[in-house]
Amino acid sequence: MLGKMFAMGLYGHKESYLCNRWNRLDLLINLGEFFDFFMDYLGLHLQVSQVLGPLRLISRVASMRDIVSALLIIFPMLANVLCLYMFVVHIFGVIGVQLWAGRLRNRCFLGEDPTAMYNVSLSPYYVTKYGEFQPFLCSPEGTSGRHCSEVPANRENDQTCSLAPPAPSVFGFTGAGTNACVNWNALYNVCRAGAQNPNNGATNFDNIGFAWINIFQVVTLEGWSNIMFYVMHVYSFWSFLYFIPVAIMGSFIMMNVCAVVIATQFSDNLEHLTLQQTRREDSAVLVKWLRSKWTGCLAVIRRRASNRVRRHDDDSRADDLTVGGHIWGLLRTRLEKVVKSKIFDWLVMFAVFLSILTLAIEHHNQVRRRDSCRSLLDDFSEM
């Protein structure tokens, strides 16, 4: 960075250091290093420069610079697509809240007190072996969906219990014996709302916020079928007509719209660059022709001026004063050639790559020597 500043100048002309936005990015990353030092002095270890360090590769690779530049131009167009996407998600979220708010809390509860009647301790509502991660959801009797009569029978000793609970009488309990395999799950025959939603309360449509979260999960196609089956159990089999359009529109249509926007912008940028390069070549041909015409005229003028003008002694003193400026200009020119050369770029890219690699293999109880090596690589890439 310092070498480029000395060679190109800090500010004031088109070729200066700060006039290039990628150089400004490098400056921002290096300022992050000073910010880390300041935070370390205050006792806070943020490591901002290590997070932003890999971004130096963008400013070194021309193709990556073109891609990032195109993406920055595309952002306003993608913002419109994102607004349309959020509008669609909001509409489906409102529909989900109106239809299924509180319904995913439905569980099959006990219709009677088994402790008082049978001296048996049971859970207040039916719980599967997977707990609340795969609960048994139900729909009240007389509605579509899954009912409590479909609760599976309990199993003992790898056998399915099929005996009904004993019926009370004046002579005691009649029916199944004490050691018989009784299907106590038959007592879970009342479907009503409980206190918790599936997945520890994460899967529900109780409000618009949770509706957005669950629709986003459906769009990602990660576990979306479980949400659909939960809703089908508590509401209706035809609930799939809601989830399939959400999955298709969010996962395929919207993503393809974003891809079309990006591809169109890349095509426009390529056409613009081709046209700009053609104009540059035409300008170069014109400048070359004009230079060839004026070179002879300038040579004649200089020759005549040198014959008529005599140099005085004061001119020699002025020349002595301009020696330092000439040397400094020559040094800057050579330094600028070095920092703009391919070899210099490859050396910096190699140092940045090694810095990223050492950052990736960082681990707990790391040897202090490795920390010093990574710091040296970071310092070299910053210079």
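What you see is a predicted model, and the numbers here were worked out from it, not measured in a lab. (Residues numbered from 1 in each chain as written. Predicted model: local features only at pLDDT ≥ 70, side-chain atom pairs only at ≥ 80, totals over all residues. Heavy atoms only, no water.)

## Remarks on the overall build of the protein chain
Here is step 1 of the chain: Within the protein chain one finds 13 helices and six strands.
Here is step 2 of the chain: Across the 383 residues of the protein chain, 30% fall into the buried class.
Here is step 3 of the chain: A fraction of 64% describes how many contacts in the protein chain between residues 6 or more apart in sequence connect residues 24 or more apart. (Helix = DSSP H or I, 4+ residues; strand = E, 2+ residues; numbered from the N terminus. Buried < 20%, exposed > 50% of the residue type's maximum accessible area, 1.4 Å probe, protein only. Contact = heavy atoms within 4.5 Å.)

## Describing the packing of aromatic side chains
Here the distance between the centres and the angle between the planes together describe a pair of aromatic rings.
Here is step 1 of the chain: Counted by the stated rule, this structure contains 13 aromatic pairs.
Here is step 2 of the chain: Summarising the aromatic geometry, the rings of Phe-92 and Tyr-242 are spaced 5.5 Å apart at their centres and angled 75° between planes, so their arrangement reads as edge-to-face. Residue Phe-92 is found in helix H5 (residues 62-100), and its partner Tyr-242 is found in helix H10 (residues 240-308); the two are separated by 150 residues along the sequence. The same class applies to Phe-92 as to Tyr-242, namely buried. (Phe/Tyr/Trp six-rings, centres within 6.5 Å; stacked < 30°, edge-to-face > 60°.)

## Structural notes on unusual backbone geometry
The bulk of non-glycine residues show a negative phi, and the bulk of peptide bonds are trans.
Here is step 1 of the chain: The phi dihedral of Asn-119 is positive, around 60°, even though this residue is not glycine.
Here is step 2 of the chain: Inspection of the secondary structure assignment puts Asn-119 in the loop between helix H6 (114-118) and strand E2 (155-156).
Here is step 3 of the chain: Residue classification places Asn-119 among the exposed positions, given a relative accessible area of 68%.
Here is step 4 of the chain: We note that Leu-221 has phi near 60°; this positive angle belongs to a residue other than glycine.
Here is step 5 of the chain: Tracing the sequence through the fold places Leu-221 in the loop between helix H8 (208-219) and helix H9 (224-234).
Here is step 6 of the chain: On the basis of relative accessible area, Leu-221 is assigned to the partly exposed category, the value being 38%.

## So, the side chain of Ser-139
Here is step 1 of the chain: Relative to the elements of secondary structure, Ser-139 occurs in the loop between H6 and E2.
Here is step 2 of the chain: A distance of 2.8 Å separates a polar side-chain atom of Ser-139 from the backbone oxygen of Ser-144.
Here is step 3 of the chain: With residues up to four places along the chain from it excluded, the contact list for Ser-139 reads Ser-144, Gly-145, Arg-146, His-147, Cys-191, His-233 and Val-234. (Polar contact = N/O pair within 3.5 Å; in protein donor to acceptor, adjacent residues only side chain to side chain.)

## Structural notes on the state of the cysteines
Here is step 1 of the chain: Evaluated as defined, the whole model comprises three disulfides.
Here is step 2 of the chain: Listing the disulfide partners of the protein chain by sequence rank of the bonded cysteines yields 1-3, 2-6, 4-5. (Disulfide = S-S within 2.5 Å.)

## Considering the nonpolar core
Here is step 1 of the chain: In this structure, Leu-104, Phe-205, Ile-215, Tyr-242, Phe-243 and Val-246 are the most contacted members of the largest nonpolar core, which totals 24 residues.
Here is step 2 of the chain: Contributing elements (two or more residues each) for this core: H5, H8, H9 and H10.
Here is step 3 of the chain: Apart from the residues lying within four places of it in its own chain, the contact partners of Ile-215 are Val-89, Phe-92, Gly-93, Tyr-242 and Val-246.
Here is step 4 of the chain: Judged by nonpolar contacts, the second largest core, of 14 residues, contains Val-151, Val-182, Leu-187 and Cys-191. (Core = buried A, V, L, I, M, F, W, Y, C linked by side-chain atoms within 4.5 Å.)

## Concerning the environment of Thr-128
Here is step 1 of the chain: Within the secondary structure, Thr-128 sits in the loop between H6 and E2.
Here is step 2 of the chain: Excluding its chain neighbours within four sequence positions, the residues that come into contact with Thr-128 are Gln-134, Pro-135 and Phe-136.
Here is step 3 of the chain: Reaching out from Thr-128, the side chain makes a polar contact with the backbone oxygen of Gln-134 at a distance of 2.8 Å.

## As for the pairing of strand E1 (residues 106-110)
Look at any regular strand and the pattern is simple: side chains alternate between the two faces of the sheet.
Here is step 1 of the chain: Counted residue by residue, E1 has five buried out of five residues, so it is predominantly covered.
Here is step 2 of the chain: Pairing geometry for E1 and strand E6 (residues 188-193), over five bridges, is antiparallel. Pairing of Asn-106 across the sheet is with Ala-193, part of E6. (Pairing = 2+ DSSP bridges.)

## Some words on the packing of H5 against H8
Here is step 1 of the chain: At a minimum axis distance of 9 Å, the contact between H5 and H8 shows a crossing angle of 115°. Judged by the sense of rotation from one axis to the other, the crossing of H5 with H8 is right-handed. In contact with Tyr-85, Val-89, His-90, Phe-92, Gly-93, Val-94 and Val-97 of H5, H8 contributes Ile-208, Ala-211, Trp-212, Ile-215, Phe-216 and Val-219.
Here is step 2 of the chain: Of the residues in the contact of H5 with H8, the class split is eleven nonpolar, two polar and no charged. (Axes fitted to C-alpha atoms, helices over the stretch in contact; angles between N-to-C directions. Left-handed = near helix turned anticlockwise from the far one by under 90°. Nonpolar A, V, L, I, M, F, W, Y, C, P; charged D, E, K, R; others polar.)

## Some remarks on the pattern of salt bridges
Here is step 1 of the chain: For the structure shown, the criterion picks out two salt bridges.
Here is step 2 of the chain: A salt bridge links Arg-105 to Asp-206, with the shortest nitrogen-to-oxygen separation between them at 3.0 Å. Of this pair, Arg-105 sits in the loop between H5 and E1 while Asp-206 sits in the loop between helix H7 (198-201) and H8, and the two are 101 residues apart along the sequence.
Here is step 3 of the chain: Taking the relative accessible area as the measure of exposure, Asp-206 reaches 23% and is therefore partly exposed.
Here is step 4 of the chain: For Arg-107, the salt bridge goes to Glu-132, with nearest N and O atoms at 2.8 Å. Residue Arg-107 is found in strand E1, and its partner Glu-132 is found in the loop between H6 and E2; the two are separated by 25 residues along the sequence. With respect to class, Arg-107 is no different from Glu-132; both count as buried. (Salt bridge = Lys/Arg side-chain N within 4 Å of Asp/Glu carboxyl O.)

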